[in-house]
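Working through the structure, step by step
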Protein chains: 2
Amino acid sequence: MAHIQFEEGLPGIRGPMAFRPETAKPLNELAELLLRNDNSTLSRGERELIGTYVSSLNDCFFCQNIHGAIAGHYLECDISFIDAVKENYLSSDITEKLKSLLTIAAAVQKGGKKVTATMVDDARQKGATDREIHDTVLIAAAFCMFNRYVDGLATWAPEDRMYYVNRAARRAEEGYVDFDIHQ
Amino acid sequence: MAHIQFEEGLPGIRGPMAFRPETAKPLNELAELLLRNDNSTLSRGERELIGTYVSSLNDCFFCQNIHGAIAGHYLECDISFIDAVKENYLSSDITEKLKSLLTIAAAVQKGGKKVTATMVDDARQKGATDREIHDTVLIAAAFCMFNRYVDGLATWAPEDRMYYVNRAARRAEEGYVDFDIHQ
């Protein structure tokens, strides 16, 4: 049971967002800018994967499943590929640049000061730009917020992982602003 | 030295915000809504204190000092009072309701799942509303983002704590949107 009274049947972050639409607005705008806006040299799939990985480190079931499913949709891969990245991204089939960015994201999850100059230099050597490093840090930091928002209020999440996979295409298309919170 | 190139002389979060104004916009709107908007039954001072406490738990020097100074401005107390809250809020001179909310905020800082029904029940018994519990969780979660954004990019922060105290009145007045990032 959630810690406060939410409208029934809304999964994960949608409960608190319906409870408090004023704060939902900038939260969704931030997600749209970081994860979906086309003004980025990281693909949507790569950005969703960063959010998914941080959510798995934070043990947030809802976030890692919905964003993992959306990442899978963009990357045209199935859920086992996403699981392999979460389990050991260094041995998974992603670019060396993305691996170096996931190393930075994992450090951010532990705490801002855990990001080292060596990690940043390594990302740069693998081709990451300052903007990509910035966005990786902010995506990871933002998911440390979203995950805590979702779990800190003990929101409800469907247990069946296919629930998320089946909704990924629609979520990807509708984006994070101007969507119907009940669909 | 910061991990990426920021405009010189901008303290803390202002460096990355000037680097990427698009994402600064929803971040500042979120801060304004949570910390400063008058549509809240928690005072501005109480809300800034929640952010300050979480920032101290995350060991973020810039955030705990600027928000601590702003909290002190609103609460009309000096920096030693803020330090006493950070050191041991349970024995500090704040309301029982605020103590119960700081307990929830401290749990959120560790991880969303650390918030227990007992903590929430206790806050309710001390007079906290669902909306206040929601906002406490989101403020704490948001500072887990802001702190990681500031420290994850190794931003510069003035070491002199009076720097922040001297700017608190202006920061409180100007708010988190529509301010001159260079002032």
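Look up: the structure comes first, before these words.
Here is a short report on the structure shown in this document. (Residues numbered from 1 in each chain as written. Chains lettered and ligands numbered in written order. Predicted model: local features only at pLDDT ≥ 70, side-chain atom pairs only at ≥ 80, totals over all residues. Heavy atoms only, no water.)

1. Thoughts on the nonpolar core
We count it as follows: The set of buried Ala, Val, Leu, Ile, Met, Phe, Trp, Tyr and Cys residues whose side-chain atoms join them within 4.5 Å is what this entry labels a nonpolar core. Each residue gets one of three labels from its accessible area relative to the maximum for its type: buried under 20%, exposed over 50%, partly exposed in between, using a 1.4 Å probe on protein chains only. Residues are treated as being in contact if the distance between any of their heavy atoms lies within 4.5 Å.
Judged by nonpolar contacts, the single largest core of 116 residues is most densely connected at Ile104 and Met145 of chain A together with Ile104 and Met145 of chain B. For isoleucine 104 of chain A, the contacting residues outside a window of four places in its chain are Val115, Met119, Val120, Ala123, Ile133, Thr136 and Val137 of chain A.

2. Let's talk about the pattern of salt bridges
Residues and elements named next belong to chain A. To be explicit about the condition: We define a salt bridge as a contact between a side-chain nitrogen of Lys or Arg and a carboxyl oxygen of Asp or Glu at a distance within 4 Å. Strands here are runs of E lasting at least two residues and helices are runs of H or I lasting at least four, both read from the DSSP assignment and numbered beginning at the N terminus.
Here the structure, examined in full by the defined rule, presents 36 salt bridges over all chains. The salt bridge partner of glutamate 174 is arginine 14, with a shortest N-O separation of 3.2 Å. Taken together, the residues span a long stretch of sequence, with glutamate 174 in helix α9 (residues 161-174) and arginine 14 in helix α1 (residues 14-19) at a distance of 160 residues. An identical accessibility class is assigned to glutamate 174 and arginine 14; each is buried.

3. So, the packing of aromatic side chains
Here the distance between the centres and the angle between the planes together describe a pair of aromatic rings. Our working rule: Paired rings are identified among Phe, Tyr and Trp, the last through its six-membered ring, by centres lying within 6.5 Å, and are further divided according to the angle between planes into stacked (under 30 degrees), edge-to-face (over 60) and tilted (the rest). The rule is short: NZ of Lys or CZ of Arg within 6 Å of the ring centre and within 35 degrees of the ring normal puts a charge over the ring.
For the coordinates displayed, the defined rule picks out twelve aromatic pairs over all chains. Ring plane angle 85 degrees and centroid distance 5.8 Å describe the contact between phenylalanine 6 of chain B and phenylalanine 19 of chain B, whose orientation is recorded as edge-to-face. One end of the pair, phenylalanine 6 of chain B, is in the segment before α1 (14-19); the other, phenylalanine 19 of chain B, is in helix α1, and 13 residues separate them in sequence. Its relative accessible area of 12% is what places phenylalanine 6 of chain B among the buried residues. A connected cluster of aromatic rings, assembled from ring pairs, spans Phe61, Phe62, Tyr163 and Tyr164 of chain A. When the ring centre of tyrosine 163 of chain A is taken as origin, the NZ or CZ atom of arginine 167 of chain A, which lies over that ring, is 3.7 Å away.

4. Describing α9 of chain A
Residue and element names in this part refer to chain A. What counts is decided by this rule: Expected span of a helix: the number of residues minus one, times 1.5 Å. Take the seven residues that end at a residue and the seven that start at it, fit an axis to each, and the angle between those axes is the bend at that residue. Identification of polar contacts relies on pairs of N or O atoms within 3.5 Å, with a donor-acceptor requirement for protein atoms, meaning one able to donate a hydrogen and the other able to accept it, and with residues adjacent in sequence counted only if both atoms are side-chain atoms.
Here α9 spans 20 Å end to end across 14 residues, near enough to the 20 Å set by a 1.5 Å rise per residue. Taking the largest bend as the criterion, α9 deviates by roughly 45 degrees, centred on alanine 168. Turning to α9, its buried residues are Tyr163, Tyr164, Ala168, Arg171, Ala172 and Glu174. Each element contacted by the buried residues of α9 is listed here: α1, α2 (21-36), α3 (44-57) and α4 (61-75). Of the residues that open α9, the one with a side-chain oxygen 2.9 Å from the backbone nitrogen of methionine 162 is aspartate 160. Downstream of α9 by a residue or two, glycine 175 has a phi angle that is positive, lying close to 75 degrees.

5. Looking at the packing of α4 of chain A against helix α8 (residues 130-152) of chain A
All names here are of chain A. Stated formally: Structural elements are reduced to axes, namely lines fitted to C-alpha atoms, with helices fitted over the stretch in contact, and the angle between N-to-C directions of any two is expressed from 0 to 180 degrees. Just so you know how the angles are binned, under 35 degrees is roughly parallel, over 145 roughly antiparallel, 65 to 115 roughly perpendicular, and the rest oblique. Throughout this entry, Asp, Glu, Lys and Arg are counted as charged residues, while Ala, Val, Leu, Ile, Met, Phe, Trp, Tyr, Cys and Pro are counted as nonpolar. The remaining residues, Gly among them, count as polar.
Between α4 and α8, the least distance of the axes is 8 Å, while the angle of their chain directions is 125 degrees. It follows from the interaxial angle that α4 and α8 lie oblique. In contact with Phe62, Cys63 and His67 of α4, α8 contributes Phe143, Phe146, Asn147 and Val150. Each residue belonging to the contact of α4 with α8 can be placed in one class, and the counts come to five nonpolar, two polar and no charged.

6. Some points on the interface of chain A and chain B
Rule in force here: Note on terms: buried area is the combined drop in 1.4 Å-probe accessible area of two parts once they are placed together, counting the loss on both.
Contacts between the two partners involve 44 residues from chain A, matched on the other side by 44 residues from chain B. Of the roughly 3700 Å² buried where chain A meets chain B, counting both sides, 65% is carbon and sulfur surface. A salt bridge links lysine 113 of chain A to aspartate 59 of chain B, with the nearest nitrogen and oxygen atoms 3.5 Å apart. At the surface where chain A touches chain B, the tally comes to 16 residue pairs in polar contact (both at pLDDT 80 or more). Elements supplying a minimum of two residues to the side of chain A that touches chain B: α1, α2, α6 (96-110), α7 (117-125) and α8 of chain A. Ranked by residues supplied to the side of chain A that touches chain B, first place goes to α8 of chain A with 15 residues. For the side of chain A that touches chain B, the residue count by class is 22 nonpolar, ten polar and twelve charged.

7. Comments concerning the relation of the copies chain A and chain B
As a reminder, the rule being used: Least-squares superposition of the copies uses the C-alpha atoms of those residues scoring a pLDDT of at least 70 in each of them.
For the pair chain A and chain B, the superposition axis carries a translation of 0.0 Å, the fit reaches an RMSD of 0.0 Å, and the rotation angle comes to 180 degrees. Given the turn and translation reported, the copies of this chain are related as if by a two-fold rotation axis. Of every C-alpha in chain A, the one belonging to proline 26 of chain A sits nearest the axis of rotation, 2.3 Å from it. Take the interface residues of chain A: 100% of them recur as interface residues in chain B, which is what a same-surface contact looks like.

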